[in-house]
Amino acid sequence: MTHAHDRALPRAVRLAMPLAQDVVKEVAKLHGVCIRPVPLKRLDTYTGKWEIIDVPCGSPMDSKCPPCAQRNKQLRKAQCREGWHLEEEPTITPDEPNEEQRWLVEFRADTQAQRDEAERNGDDTTDLDTLIEGLDEEINAAGMRGNVLGRAVSKRSRSTRRRQDAPDLPKRKMAHTTLGRTFQAPDGRTYRPSLFVTLTLPSYGKVNNGVPVDPDTYDYPRAARDALHFSKLIDRFVQNLRRVAGFDVQYFATVEPQKRLAPHLHMAIRGTLPRAEIKQIAAATYHQVWWPSVDDVVFEGEHLPIWQDGAGYLDPHTGEVLPTWDEALDQLDADEDAEPLHVVRFGDQVDVKGVLAGTKDADQCIRYLSKYLTKSLGETLDGGQAQQDHVARFVDALRYEPCSPTCPNWLRYGIQPKNAKPGMAPGRCRSKAHKPEHLGYAGRRVLVSRKWSNKTLTEHKQDRRSWVLEALGRADQPIDPHRYVWRPVPAGDANVPPLAVRLLRSVRERQRWRAHMAELQARADGQDLSATEGRAA
Ligand SMILES: [Zn+2]
Ligand SMILES: [Zn+2]
């Protein structure tokens, strides 16, 4: 109750007065305008003028920015539709990083620096983290693969014994195509069947309406580990799928939660394989997690490792330095009898459906694939008490489970996390895998293979833009990619107007644009043609 509201007003009246900014945000949402725009400085090299331009945040999540999430979902749908029944081989060339990619990477670097500074000052980094996350996705979408920080490739040579064994599956000779077979009907028509596959994780105990019948025997630890390593299992599935199919299978997949909180996968696959083979591949696919054992809790409660500069984490009683991540892996390699920490497999429920291009079925699958895209895994739940308790137990099981080599939870098991730094404590990992909204799955929600469509998500965006320009009758104006130079705006820059002002400006622009589009539409329809001409004259 420290807010400096006008105390003269009765409390009820004060509460009924929404903050102006909230109202503006609602208006922005109604007009489909981004509510968390990122201000950027833009130099127009034709005029030499710098301007501050708001760029949409591009968040795929409703909870952050509903208008951007909706736009993102529409783009994903278009992308999914375009690649599923592709008839010609996509032409993918690893192009030079273009202007946009270079800019994104630079911007990403600047944002990282800002974020690190905020962290050093003890400031909240949530917004910057979100921005970085969004930028990483943009960068990937812009055709650069992997992580910008250039994930250092470890020099350690793991023993071959630790490699994942190739499962026992038929292997076809690889054909250099990404397209599936076609079938010629007697009437001469060509059919190009594709697949819609749903893969789930195994049972962890009986559930009723998504909630464990007996929470005490429900295998929460296994459910937690399966969720943490689910993305690796998907990678393996794709590898095996390509090996068996004998062609460069392309896919568009989304990861979604089941009611019981386990992630599952919907995958549109271009081309077709026999159902039985898909089931065989799913059954034979597994991923072994070769991480140190977490069977023994070494440090907990008040008894926690302490940090010493130059040495790393030590045992508080003996002063002994704990093994580093690399040392722990070396020990694991040297141990002939070592077992993987975990093995992930799919469950028995494998759903395979054949789909033909342009059918109602295909449309329904695309809607299904994108249904939950704007929600985080945890947000899709209905939230009854029983389910909330289930979520709480699941999050509890995730609390001390190491989510990655850098997870502070390794300290609990007597190992220094990779890239250990001061201030780490078990149970205090900030990675999203441990959070109720993500339920162990911190991976990407949309997985699109590189040769799915001929386009990246950015190009799909440009498609829409050229459509608009065409509708506006300006399509003949070539877009010069070198016209503008973009720079980030330092936090707290006095030239950036207040958010409410910027949002209203965007709303006005949107209205103007809509009115213009409507007018063009009216003209195209030939309705009231003379009146329109009369006004324009
Ligand atoms: Zn937005
Ligand atoms: Zn963690």
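Cut-offs used in this document
Residues numbered from 1 in each chain as written. Chains lettered and ligands numbered in written order. Predicted model: local features only at pLDDT ≥ 70, side-chain atom pairs only at ≥ 80, totals over all residues. Heavy atoms only, no water. Helix = DSSP H or I, 4+ residues; strand = E, 2+ residues; numbered from the N terminus. Expected span 1.5 Å × (residues − 1). Buried < 20%, exposed > 50% of the residue type's maximum accessible area, 1.4 Å probe, protein only. Pairing = 2+ DSSP bridges. Donors = N, O, S within 2.8 Å, 3.2 Å for Na, K, Ca; no water. Tetrahedral: all angles 85-135°; square planar, octahedral: opposite > 155°, others 65-115°. Axes fitted to C-alpha atoms, helices over the stretch in contact; angles between N-to-C directions. Core = buried A, V, L, I, M, F, W, Y, C linked by side-chain atoms within 4.5 Å. Contact = heavy atoms within 4.5 Å. Salt bridge = Lys/Arg side-chain N within 4 Å of Asp/Glu carboxyl O. Parallel < 35°, antiparallel > 145°, perpendicular 65-115°, else oblique. Nonpolar A, V, L, I, M, F, W, Y, C, P; charged D, E, K, R; others polar. Phe/Tyr/Trp six-rings, centres within 6.5 Å; stacked < 30°, edge-to-face > 60°. Lys NZ or Arg CZ within 6 Å of the ring centre and 35° of its normal.

Q: Just checking my understanding: could you explain helix α7 (residues 230-245) for this structure?
A: Because each turn of an α-helix spans 3.6 residues, side chains separated by three or four positions end up pointing in the same direction. Relative to the 22 Å expected for 16 residues at 1.5 Å per residue, α7 spans 22 Å between its end C-alpha atoms, a close match to the ideal helical length. For α7, the full list of buried residues reads F230, L233, I234, R236, F237, V238, N240, L241, V244 and A245. A positive backbone phi angle near 75° is found at G246, which sits one or two residues after α7.

Q: Where do I start with the pairing of strand β8 (residues 251-257) in this structure?
A: In summary, the side chains of a regular strand alternate between the two faces of the sheet. Buried residues dominate β8, accounting for 7 of its 7 residues. Judged by which residues are buried, β8 turns out to be covered on both faces: Y251, A253, V255 and P257 on one side and F252, T254 and E256 on the other are all buried. For β8 and strand β9 (residues 263-269), the ladder comprises 7 bridges, and the chain directions are antiparallel. Counterpart to A253 in the pairing with β9 is M267. A loop of 5 residues connects β8 with β9, the two strands running antiparallel in sequence, and L261 in this loop sits at a positive phi of about 85°. Sheet analysis places β8 next to strand β15 (residues 446-448), joined by 3 bridges and oriented antiparallel. Counted as the bridge partner of F252 is V448 from β15.

Q: Before we go on, may I ask you to explain the coordination of the zinc ion (ligand 2) in this structure?
A: A four-donor tetrahedral metal ideally has 109.5 degree angles, and a six-donor octahedral metal ideally has angles of 90 or 180 degrees. The zinc ion (ligand 2) binds to the protein through C403 (SG), C407 (SG), C429 (SG) and H434 (NE2); the donor distances cover 2.1 to 2.3 Å. One can describe the site at the zinc ion (ligand 2) as tetrahedral: its 4 donor atoms subtend angles covering 101 to 114° at the metal. Here the donor residues of the zinc ion (ligand 2) are spaced in sequence according to C-x3-C-x21-C-x4-H. One end of the pair, C407, is in the loop between α11 (385-399) and β15; the other, C429, is in the loop between α11 and β15, and 22 residues separate them in sequence. Both residues of the pair, C407 and C429, belong to the buried class.

Q: I keep staring at the coordination of the zinc ion (ligand 1) and nothing clicks. Help me out?
A: Every protein donor of the zinc ion (ligand 1) is accounted for by C34 (SG), C57 (SG), C65 (SG) and C68 (SG), and the metal-donor separations fall at 2.3 Å. In this structure, the zinc ion (ligand 1) is coordinated by 4 donor atoms arranged in tetrahedral fashion, with angles at the metal of 105 to 114°. One chain supplies every donor to the zinc ion (ligand 1), and in sequence these donors are spaced C-x22-C-x7-C-x2-C. Look at C65 and you get buried, because its relative accessible area is 0%.

Q: I would appreciate a short explanation of the sheet that holds strand β1 (residues 38-44) in the present structure.
A: To summarise the sheet geometry, strands pair through backbone hydrogen bonds and adopt either a parallel or an antiparallel arrangement. Strands sit in the order β2-β1-β16 across an open sheet of 3 strands; the sheet is antiparallel. Looking at which strands have only one partner, the edges of the open sheet turn out to be β2 (49-55) and β16 (484-488). In this sheet, neighbouring strand axes are inclined to one another by 35° on average, regardless of whether the strands run parallel or antiparallel. Judged from the 7 bridges that link them, β1 and β2 form a sheet pairing that is antiparallel. Paired with D44 across the two strands is K49, which belongs to β2.

Q: I tried to follow the nonpolar core on my own but got confused; where do I start?
A: A general tendency of soluble globular proteins is for nonpolar side chains to be buried together. Core analysis: the biggest nonpolar cluster contains 65 residues, and F230, F237, L265, L273 and I278 have the highest contact counts within it. Per element, the largest residue contribution to this core is 8 residues, and it comes from α7. What F237 contacts, discounting residues up to four positions off in sequence, is L199, M267, I278, I281, A282, T285 and F346. Grouped together as the second largest cluster of nonpolar side chains are 13 residues, V355, I366, L369 and L373 included.

Q: I keep staring at the pattern of salt bridges and nothing clicks. Help me out?
A: When charged atoms on two side chains of opposite charge get close, those side chains can pair. Evaluated as defined, the whole model comprises 10 salt bridges. For E300, the salt bridge is made with R412, and the minimal N-O distance between the two is 3.7 Å. In this pair, E300 sits in the loop between β10 (286-289) and β11 (306-308) while R412 sits in the loop between α11 and β15, placing the two residues 112 residues apart along the sequence. The exposure class of E300 is partly exposed, given its relative accessible area of 47%. Overlapping salt bridges bring together R242, D248 and K451 as one network.

Q: Just to check I follow, could you spell out the packing of helix α6 (residues 220-228) against α11 for this structure?
A: Each pair of packed helices gets described by two things: the angle between the helix axes and the distance between those axes. Between α6 and α11, whose axes approach to 9 Å, the crossing angle comes to 70°. Between α6 and α11, the crossing angle belongs to the class labelled roughly perpendicular. For the pair formed by α6 and α11, the contact residues are Y220, P221, A223, A224, A227 and L228 on the first element and H390, R393, F394, A397 and L398 on the second. Partitioned by chemical class, the residues of the contact of α6 with α11 number 9 nonpolar, 1 polar and 1 charged.

Q: Explain the packing of aromatic side chains here, please?
A: Pairs of aromatic rings are described using the distance from one ring centre to the other and the angle between the two planes. Per the counting criterion, the structure on display carries 12 aromatic pairs. Residues F252 and W452 carry aromatic rings whose centres are separated by 6.1 Å and whose planes lie at 40° to one another, so their mutual orientation is tilted. Within this pair, whereas F252 is found in strand β8, its partner W452 is found in the loop between β15 and α12 (457-471), the two being separated by 200 residues in sequence. With a relative accessible area of 1%, W452 lands in the buried category. Arranged with centres 5.0 Å apart and planes meeting at 70°, the rings of W307 and Y313 form a pair that is edge-to-face. Classification of W307 by relative accessible area gives partly exposed; the value is 28%. Y313 sits in the buried class, given a relative accessible area of 2%. Taken together, the ring pairs in this structure connect F230, F237, F346 and Y441 into an aromatic cluster. Sitting over the ring of W50, K41 keeps its end group 5.8 Å from the ring centre.

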